[in-house]
Amino acid sequence: MPRGDGRLTHDLDPHSPGPQDACGVFGVWAPGEEVAKLTYFGLYALQHRGQEAAGIAVSDGASVVVYKDLGLVSQVFDEATLGSLRGHIAVGHTRYSTTGASTWENAQPTFRTTEAGTGLALCHNGNLVNTSELATKAADAGVPGVFSATTDSDLITALIAAHPDLSIEAAAMEVLPQLRGAFSITFMDEDTLYAARDPQGVRPLVLGRLERGWVVASETAALDIVGASVVREVEPGELIAIDENGLRSQHFAHPEPKGCVFEYVYLARPDTTISGRGVHAARVEIGRRLAKEHPAEADLVIPVPESGTPAAVGYAEASGIPYGLGLVKNSYVGRTFIQPSQTIRQLGIRLKLNPLRDVIRGKRLVVVDDSIVRGNTQRALIRMLREAGAIEVHVRISSPPVKWPCFYGIDFASRAELVANGLDIDGVRASINADSLGYVSEQGLIAATEQPANRLCTACFTGQYPIPLGESEVLGKHVLEGIEHRAISGWTGQRAGSANVPGGAEDALTRP
């Protein structure tokens, strides 16, 4: 069977994908449990965070074994494979590529044999902004195998493994302070499970307790699915180690929390809790605030499923306009191995959503969605609703205008492609052919999260990046694939993917 291309079928037009999620990470230390199966179910719960590749590493105390491939979690693993992955420690990853192309080499967990001869498997959610600088130093220092893959994650693994005189834990305490950007990581050797989070805590990471062990995961929903109770979040700047002696913690950096606000808008599952705030409750509250900030004369509030649903419920509640289901989503839209022809591509959004004509016909609609990136999806959706008989279509968005790319682990369009960057709100409204358009304010969004504004990253709305960025020419998704063009001494690596794949923050700061 041919490999899939890593795109979801609702992104049929490769030139117009939506905001793609960060990755999902999972780790478990549980003697006597089937840790590979626990990890499989944990990754299954985190599948929304990445659909390109999946992998699991396990240790039985003697050796670390890694199994990974391109595909969804359910495509990569079967009963026989999971049955062969025996041990008491496991880490797992579901990947959307934010640095490095979607190739097998770049699937995670990444693996290295350390200078001391132990195995090291690592899973990373986030994106570093000093990858090029780290790669230069590593190449100059002669760190072995730095560029066998082209991801910042693999680079982190190589750096930790390159300390012959230190334990994995001590090596991590040396390396982690050198990393700049977003990283929530789980990693392991033969005996110990580790978890660490960048000093800003941009991407989520939580710690859970099993009856006979411990779990770490990107979201609390993954803990729920494996029957673990939530203990706490891994703190920004913290390294946790779990082995037969229990759990120990140390800080490698002073915490300066800047959690990603887009987790509340779109990325996280609605049944996840972040910093004590339920994501579903936050999204409903965003909808309430949106109704107060941007009222509309209308007959029906409908969501763009699934991500617009909680906010639509809140909008209907606060506005007094009835809530209804006007669009039906195909529940089985997943990744396809069939390349769509131009004719099929023109069906576009209809493969994902279909209107309920009897509900829509003759109505003035408020349509609630989570974000507008390029505007192509909303344009097609509004055309479809008008064809189904809607008299008016008022669009309400549960995030402020996305004007800036993310360098911390979300694959937005480049700045030139973001419709809100080039047009004012009325220009965007005209572009998508809506009767009116309203975005929730940044203040309204932050209030709905119940987090202090100074603890959140809102860079994609404001352009205020809390972690200093590197030079624009060394930022981007394919930084390690194109690095040989920049005369780095000590370069001995090979390209593992194509630098022509679009997306990420590629040259975003230098484009208009």
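Structure shown above.
Reference entry: report on the structure contained in this document. (Residues numbered from 1 in each chain as written. Predicted model: local features only at pLDDT ≥ 70, side-chain atom pairs only at ≥ 80, totals over all residues. Heavy atoms only, no water.)

1. Quick look at the packing of helix 4 (residues 131–140) against helix 5 (residues 152–161)
Packed helix pairs are specified by the crossing angle of their axes together with the interaxial distance, meaning the distance between the axes. Direction vectors running N to C along helix 4 and helix 5 enclose 40 degrees, while the axes themselves pass 11 Å from each other. Read as a crossing pair, helix 4 and helix 5 show a hand that is left-handed. Across the interface between the two elements, T131, L134, A135 and A138 from helix 4 touch D152, L155 and L159 from helix 5. (Axes fitted to C-alpha atoms, helices over the stretch in contact; angles between N-to-C directions. Helix = DSSP H or I, 4+ residues; strand = E, 2+ residues; numbered from the N terminus. Left-handed = near helix turned anticlockwise from the far one by under 90°. Contact = heavy atoms within 4.5 Å.)

2. Observations concerning the pattern of salt bridges
All chains considered together, the criterion is met by 23 salt bridges. E450 serves as the salt-bridge partner of R277, at 3.5 Å between the closest nitrogen and oxygen. Here R277, found in strand 16 (residues 277–278), pairs with E450, found in the loop between helix 16 (442–449) and strand 23 (456–457); they are 173 residues apart in sequence, far enough to count as distant. Taking relative accessible area as the criterion, R277 reaches 12% and is therefore assigned buried. Classification of E450 by relative accessible area gives exposed; the value is 56%. Where R374 meets E417, a salt bridge forms, and the shortest distance between an N and an O atom there is 3.7 Å. With R374 in the loop between strand 20 (364–369) and helix 13 (376–387) and E417 in the loop between strand 21 (392–397) and helix 14 (419–422), this pair connects stretches of sequence that are 43 residues apart. When its relative accessible area of 14% is taken as the criterion, R374 is described as buried. Within this structure, R49, R203, E219 and E263 form a network of salt bridges that share partners. (Salt bridge = Lys/Arg side-chain N within 4 Å of Asp/Glu carboxyl O. Buried < 20%, exposed > 50% of the residue type's maximum accessible area, 1.4 Å probe, protein only.)

3. Regarding the pairing of strand 1 (residues 24–29)
In the case of a regular strand, side chains alternate between the two sheet surfaces. Burial analysis of strand 1 places six of its six residues in the buried class, the great majority of the element. In strand 1, alternate side chains face the same way, and those of G24, F26 and V28 on one face and V25, G27 and W29 on the other are all buried. For strand 1 and strand 4 (residues 89–95), the ladder comprises six bridges, and the chain directions are antiparallel. Bridge pairing in strand 4 links V25 to H93. Bridge analysis of strand 1 against strand 10 (residues 213–217) gives four bridges, and the strand direction is antiparallel. Following the sheet pairing, F26 is matched in strand 10 by A217. (Pairing = 2+ DSSP bridges.)

4. A short note on the pairing of strand 22 (residues 436–439)
Here strand 22 shows a buried face lined by S436 and G438 and a second buried face lined by L437 and Y439. With four bridges joining them, strand 21 and strand 22 adopt parallel strand pairing. Its bridge partner lying in strand 22, I397 is registered against Y439.

Any functional reading would require information beyond the geometric quantities listed.
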